[in-house]
Structure formats: structure tokens, C-alpha cells
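# An overview of the molecular structure
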Amino acid sequence: FDLLFAEWQMARNVLDALERVEDQHGWMVYKYIRPAVVEPEEHWEQAFHGTWWYSVWSVLESGVFLESDDRGKGHDFWEPGVYCTPVRSTARW
């Protein structure tokens, strides 16, 4: 996986966006290392966001999660927004 993922990142010019860190609960973990677009506030908690593979490039390139709000473009949502959870298993799908 590591080699293929590095090739995927190189092809999209996002090789400098992530750094591999210690695995957690059997999951490969990467830290976003480009300059922050939004600075986290002290009271924010860690949250997880499950996504389709094709949207990873957009997130790495822009540095932000964009609201899903257009079913005509294939967005999958109940109400417009960005959905996150503190529970990793909830974010898997």
C-alpha cells in the first residue's frame, strides 16, 4: 500500500501533504502537514470523517472539508453539511 499510495500522491502533487504516524487500533494514520487553513481552537476534540476515496485528493489539495450540498453532483447526505464523529467506527463508511 505504501508504494502505491506514494505514487498516487505524486501523480496529484500532494506528496508533501501527509506524514505517516503511529498506527492506531489497526488503522494506518497520516497527519496533514501542510499549513493549516483553519487554526484549531483549544477546546476542539479529535473527530473522524469517513469519505469516498475519490474525495481524498480534494481534501489534501484544499486543506478543508467542503459541505456536501448537491445531489446532482453525486453528493451523499441527509442535510447539507460536513459530518464528523468522535467514534472511529461510525466514520468508516
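All of the points below concern the structure found in this document. Here the structure is a predicted model, which means the values were calculated and not measured.

Secondary structure assignment for the protein yields 3 helices and 2 strands. Of the regular secondary structure in the protein, the N- to C-terminal order runs α-β-β-α-α. For the C-alpha atoms alone, the extent of the protein along its principal axes is close to 35 × 35 × 25 Å. Accessible surface, the protein as shown: approximately 7700 Å² in total, 56% of it carbon and sulfur.

Here the focus is the pattern of salt bridges. Throughout the structure, instances matching the rule amount to 4 salt bridges. A salt bridge links Asp 16 to Arg 34; its shortest N-O distance comes to 2.6 Å. With Asp 16 in the loop between α1 (2–11) and β1 (18–24) and Arg 34 in the loop between β2 (27–32) and α2 (56–62), this pair connects stretches of sequence that are 18 residues apart. Overall, Asp 16 belongs to the partly exposed group, its relative accessible area being 47%. Overall, the relative accessible area of 18% leaves Arg 34 in the buried class.

So, how was this worked out
Residues numbered from 1 in each chain as written. Predicted model: local features only at pLDDT ≥ 70, side-chain atom pairs only at ≥ 80, totals over all residues. Heavy atoms only, no water. Helix = DSSP H or I, 4+ residues; strand = E, 2+ residues; numbered from the N terminus. Areas by Shrake-Rupley, 256 points an atom, 1.4 Å probe, with all protein chains shown as cover. Salt bridge = Lys/Arg side-chain N within 4 Å of Asp/Glu carboxyl O. Buried < 20%, exposed > 50% of the residue type's maximum accessible area, 1.4 Å probe, protein only.

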